[in-house]
Amino acid sequence: MPRPIYAQIHTDALRHNLMRLRQSCTDARVWAVVKANAYGHGLANVFEGLRGADGFALLDLNEAQTLRDLGWRGPVLLLEGVFEQRDLELCSRLDLWHVVHHEAQIDMLSKHKTQVPQRVFLKMNSGMNRLGFTPQAFRSAWARLNALPQVDEISLMTHFARADDAHGVDAQLQVFQQFSSDLPGERSLANSAAVLRHGTRDEVSADWVRTGIAMYGSSPDHGLHDAAHWGLLPTMSLRSQLISVQPLKAGDSVGYGGLFTAAYDITVGTVACGYADGYPRHAPTGTPVLVNGVRTRTLGRVSMDMLCVDVSALPSVAIGDEVTLWGNASTGQVLCIDEVAAAAGTVGYELMCALAARVTVSVV
Ligand SMILES: *Cc1c(COP(=O)(O)O)cnc(C)c1O
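Residues numbered from 1 in each chain as written. Predicted model: local features only at pLDDT ≥ 70, side-chain atom pairs only at ≥ 80, totals over all residues. Heavy atoms only, no water.

### Re the packing of aromatic side chains
Scanning all chains against the criterion turns up 11 aromatic pairs. Relative to Phe56, the ring of Phe47 has its centre 5.8 Å away and its plane inclined at 35°; by these criteria the two rings are tilted. Judged by centre distance (6.3 Å) and plane angle (85°), the rings of Phe47 and Trp72 are edge-to-face. Placement of the pair is Phe47 in helix H3 (residues 43-50) and Trp72 in the loop between helix H4 (61-69) and strand S4 (76-78), with a sequence separation of 25 residues. Chaining the aromatic ring pairs together yields one cluster made of Trp31, Trp97, Phe121 and Trp208. Its end group placed over the ring of Trp97, Arg119 keeps NZ or CZ at 4.2 Å from the ring centre. (Phe/Tyr/Trp six-rings, centres within 6.5 Å; stacked < 30°, edge-to-face > 60°. Helix = DSSP H or I, 4+ residues; strand = E, 2+ residues; numbered from the N terminus. Lys NZ or Arg CZ within 6 Å of the ring centre and 35° of its normal.)

### With respect to the pairing of strand S13 (residues 266-271)
Burial analysis of S13 places five of its six residues in the buried class, the great majority of the element. As paired strands, strand S10 (residues 236-248) and S13 are joined by six bridges and run antiparallel to one another. Residue Pro247 lies in a different strand from S13, and its bridge partner there is Thr267. In the sheet, S13 pairs with strand S16 (residues 307-310) via four bridges, with the strands oriented antiparallel. Bridged to Val268 within S16 is Asp310. (Buried < 20%, exposed > 50% of the residue type's maximum accessible area, 1.4 Å probe, protein only. Pairing = 2+ DSSP bridges.)

### A few points about the site of the ligand
As a structural note, the neighbourhood of the ligand is formed by 13 residues, with Lys35, Tyr39, Ser192, Ile213 and Tyr349 the closest of them. In the environment of the ligand, an oxygen atom lies 2.6 Å from a nitrogen or oxygen atom belonging to the side chain of Lys35. In the model, an oxygen atom of the ligand is placed 2.6 Å from a nitrogen or oxygen of the Tyr349 side chain. When the ligand sits alone it has 380 Å² of accessible area, and the protein chains cover 93% of it. Considering only residue class, the shell around the ligand consists of five nonpolar, five polar and three charged. (Near = heavy atom within 4 Å. Polar contact = N/O pair within 3.5 Å; in protein donor to acceptor, adjacent residues only side chain to side chain. Areas by Shrake-Rupley, 256 points an atom, 1.4 Å probe, with all protein chains shown as cover. Nonpolar A, V, L, I, M, F, W, Y, C, P; charged D, E, K, R; others polar.)

### Looking at unusual backbone geometry
Residues apart from glycine generally show negative phi values, whereas peptide bonds are mostly found in trans. Although it is not a glycine, Tyr39 adopts a positive phi angle of roughly 50°. Its place among the elements puts Tyr39 in helix H2 (residues 35-39). Exposure remark for Tyr39: the relative accessible area of 5% places this residue in the buried category. We note that Asp95 has phi near 55°; this positive angle belongs to a residue other than glycine. You can see Asp95 is positioned in the loop between helix H5 (87-94) and strand S5 (97-100).

### Let's talk about the side chain of Ser240
Tracing the sequence through the fold places Ser240 in strand S10. Polar side-chain contacts of Ser240 include one of 2.7 Å to the backbone oxygen of Ala272. Those residues in contact with Ser240 that lie beyond four places of it in its chain are Pro4, Ile5, Val271, Ala272, Cys273, Asp321, Glu322, Val323 and Leu325. (Contact = heavy atoms within 4.5 Å.)

### A word on the nonpolar core
Proteins that are soluble and globular tend to have nonpolar side chains buried together. Grouped together as the largest cluster of nonpolar side chains are 110 residues, with contacts concentrated most on Leu145 and Tyr216. With sequence-adjacent residues up to four places away left out, Leu145 is seen in contact with Val100, Ile106, Leu109, Val120, Leu122, Val151 and Ile154. Listed in part, the eight residues of the second largest apolar core include Leu248, Val254, Phe260 and Cys308. (Core = buried A, V, L, I, M, F, W, Y, C linked by side-chain atoms within 4.5 Å.)

### Quick notes on the environment of Asp277
On the secondary structure map, Asp277 appears in the loop between S13 and strand S14 (288-291). Judged by relative accessible area, which is 0%, Asp277 ranks as buried. As for Asp277 and Asp87, which are separated by 190 residues in sequence, their C-alpha atoms are 33 Å apart. What Asp277 contacts, discounting residues up to four positions off in sequence, is Arg3, Ile5, Ala272, Met304, Ala354, Leu355, Ala356, Arg358 and Val359. Within the local environment of Asp277, its side chain forms a polar contact with the backbone nitrogen of Gly274, the two atoms lying 2.9 Å apart. A polar side-chain atom of Asp277 sits 2.6 Å from a polar atom in the side chain of Arg358.

### Examining helix H7 (residues 135-146)
For H7, spanning 12 residues, the distance from its first C-alpha to its last is 17 Å, which sits close to the expected 16 Å at 1.5 Å a residue. Looking only at H7, the buried set comprises Pro135, Phe138, Ala141, Trp142 and Leu145. Taken around the axis of H7, the buried residues stretch over an arc of 105°, which confines them to a single face. Buried residues in H7 make contact with S5, helix H6 (103-111), strand S6 (118-123), strand S7 (151-157) and helix H8 (170-180). (Expected span 1.5 Å × (residues − 1). Arc of directions from axis to C-beta.)

### Observations regarding the pattern of salt bridges
Applying the stated criterion across every chain yields a total of 19 salt bridges. Of the charged contacts in the structure, one is a salt bridge between Arg119 and Glu186, with a shortest N-O distance of 2.7 Å. Taken together, the residues Arg119 in strand S6 and Glu186 in the loop between H8 and strand S8 (187-188) connect sequence positions 67 residues apart. Per residue, the accessibility class of Arg119 equals that of Glu186, and both read buried. (Salt bridge = Lys/Arg side-chain N within 4 Å of Asp/Glu carboxyl O.)

In structure tokens, the structure reads:
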């Protein structure tokens, strides 16, 4: 028998979360962001659940090819645009739309030989200072693109740095509007946090939203609102089993470094899940976990292939019992990935993306 760890991807939950996001931005079309192999879920694994989106947004040309191979004929957007000249040939062949965030990409477009002009999303750096033209350079970049026979429709986009916190979107929104309001074209601004928190404002939802994390059932502002608050359901469950159960006496320690020492007699379960499966090594003692659907805590340091849990309060545990690291237990109880992430000092995004290749994934 293979190691008993596995992940499930929940198609109905993907559909539900997508619908939930649409409710927060009534008129906008939705880019389902599926970069990083659909946030670790597997592009092919989420396709059925997300095919109700208006388009798919990603980074990697291979992933764009995969989408076309899966039969998706609708819009596909490259969020970082092209990386080199010949990428534009693939854009033509696969009919990909692409972001233009740098002069070098306009240079490439000007040299591209094509009969069919390409749809582009011109990106403004409105304050995140990662990608995009400065507000002052935006208009001339637009004019340059607009003069190229290789370019079809030009849409305008920007990305919020702090849609998930109290700072919000107003400052960047104001910059974006000030420097683009008289340019024609569709607009795209909002990520998950902006949609859930500010999406009822038409100028935030605009023509296209770009939602990732919330579609995957993780709250973009977990410290303030959890996934249940936003009506989001887990789309990935990571489950394994107990492979050992043993009593410990007061004073006994658990795992490498003996980081946890029992203050009184307890029962410890050992789970076939470690950091080589993608579970965060930094998750400390006390990180929540479900055993047979009952909430308990991890003990001691996470090792490569195993971690330990406190099963003292569960009277009749045995080898083979189900452990849910995040997502849904088979009995229906939920442990949100955000709680595990918070305990480990990170975010749901990182845990999903880190799911290791050795974990068997199935779509349910
Ligand atoms: C990743 C990404 C998104 C999606 O962000 P979420 O917080 O996951 O909703 C949107 N836009 C761009 C440009 C991105 O890179």
